[in-house]
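# Working through the structure, step by step
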Amino acid sequence: AAQLGAPLVVLHASYEPIADHTRADRLVQAQQQINALTRLATDQDCGLAIELLPRTCLGNRVDELLLLASALGPTSGGVCLDTNHGMDRYRELPGDIQRLRPVLRALHISDYDGVDEQHQLPGTGVVDWAACFRALREIGYRGPCTYECALAGATPQERLHTLAENFAWITRGSHD
């Protein structure tokens, strides 16, 4: 990533499933690995962001994500909020944005059905985009916003057109 000039690398703190009885030990192990990666990233002048993950993964709740991010240190990085990973907690996204304010470094945006990740275009599922964008404005978020969704269209040009229309909808503020 450093050779490509990437200022930030997004990490997944685990794979799944994580059993309840191993979770505490896995969190300690993840923090140790994040510490090691932080030293490497700092040497390469690159930041790290730990992604909010779904289901049983480590970092699947804001409290746990903040705990994992504490291993990064104050200047090494923060978190990536993936709007598609809230599972049944999609109504909490605006509050999560507020809570993550000091460490929010990146966004992965997509929509879903409120049950499991679907990677739909923003505005086609259950996420309250108006509330999310208000919260992002309130915290002064200016970091990267990466679409992470499937795009309709048979050709690359059609998919780019779909993406451009959705981006125009977001930037117009028609979600308000």
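Each remark here, short or long, concerns the structure printed above.
Residues numbered from 1 in each chain as written. Predicted model: local features only at pLDDT ≥ 70, side-chain atom pairs only at ≥ 80, totals over all residues. Heavy atoms only, no water.

## Quick look at the pattern of salt bridges
According to the stated counting rule, one finds five salt bridges in the structure shown. For Glu 64, the salt bridge identified is with Arg 23, shortest N-O distance 2.7 Å. Note that Glu 64 is positioned in helix α2 (residues 62–69) and Arg 23 in helix α1 (residues 23–43), a separation of 41 residues in sequence. Its salt-bridge partner being Asp 63, residue Arg 99 comes within 2.2 Å of it at the nearest N-O pair. A residue pair is termed long-range when its members are at least 10 positions apart, and Arg 99 in helix α3 (residues 93–99) and Asp 63 in helix α2 qualify at 36 residues. Each of Glu 16, Arg 55, Asp 116 and Glu 117 takes part in one network of salt bridges that share partners. (Salt bridge = Lys/Arg side-chain N within 4 Å of Asp/Glu carboxyl O. Helix = DSSP H or I, 4+ residues; strand = E, 2+ residues; numbered from the N terminus.)

## A look at unusual backbone geometry
In this chain, Glu 16 is followed by Pro 17 through a cis amide linkage whose omega measures 5 degrees. By secondary structure assignment, the location of Pro 17 is in the loop between β1 (8–11) and α1. One non-glycine residue with positive phi stands out, namely Arg 55, at about 45 degrees. One can find Arg 55 in the loop between β2 (47–51) and α2. Residue classification places Arg 55 among the partly exposed residues on the basis of a relative accessible area of 35%. Positive phi is not limited to glycine here, since His 119 has a value of about 55 degrees. One can find His 119 in the loop between β4 (104–109) and α4 (129–139). (Buried < 20%, exposed > 50% of the residue type's maximum accessible area, 1.4 Å probe, protein only.)

## As for the side chain of Ser 14
Structurally, Ser 14 can be placed in the loop between β1 and α1. The class for Ser 14 is buried, based on a relative accessible area of 12%. Of the polar contacts made by the side chain of Ser 14, one reaches the backbone nitrogen of Leu 58; its length is 2.8 Å. (Polar contact = N/O pair within 3.5 Å; in protein donor to acceptor, adjacent residues only side chain to side chain.)

## Side note on the nonpolar core
Membership of the largest hydrophobic core comes to 40 residues, with the highest contact counts inside it found for Ile 50, Leu 68, Leu 81, Ile 97, Leu 100 and Leu 104. Sorting the residues of this core by element identifies α1, β2, α2, β3 (77–82), α3, β4 and α4 as the ones contributing at least two each. Examining the composition of this core, we find that six residues originate from one element, α4, more than from any other. (Core = buried A, V, L, I, M, F, W, Y, C linked by side-chain atoms within 4.5 Å.)

## A few points about the pairing of β1
By the bridge criterion, four bridges tie β1 to β2 in an arrangement that is parallel. Within the sheet, the bridge partner assigned to Leu 11 lies in β2 and is Ile 50. Of the crossover connections in this fold, the one passing from β1 over α1 to the parallel β2 is right-handed. (Pairing = 2+ DSSP bridges. Right-handed = clockwise from strand over helix to strand, strands pointing away.)

## Overview of the sheet that holds β4
Strand order in the open sheet made by the five strands is β1-β2-β3-β4-β5, with parallel pairing throughout. Whereas interior strands pair on both sides, the edge strands pair on one side only; in this sheet they are β1 and β5 (145–147). Ignoring which end each strand starts from, the neighbouring axes of this sheet average 25 degrees apart. Bridge count for β2 against β3 is four bridges, and the pairing is parallel. Along β3, the bridge assignment pairs Ile 50 with Val 79. Against the sheet, α2 makes contact with β2 and β3, and its axis sits at roughly 155 degrees relative to β2, the strand it touches most. (Axes fitted to C-alpha atoms, helices over the stretch in contact; angles between N-to-C directions. Contact = heavy atoms within 4.5 Å.)

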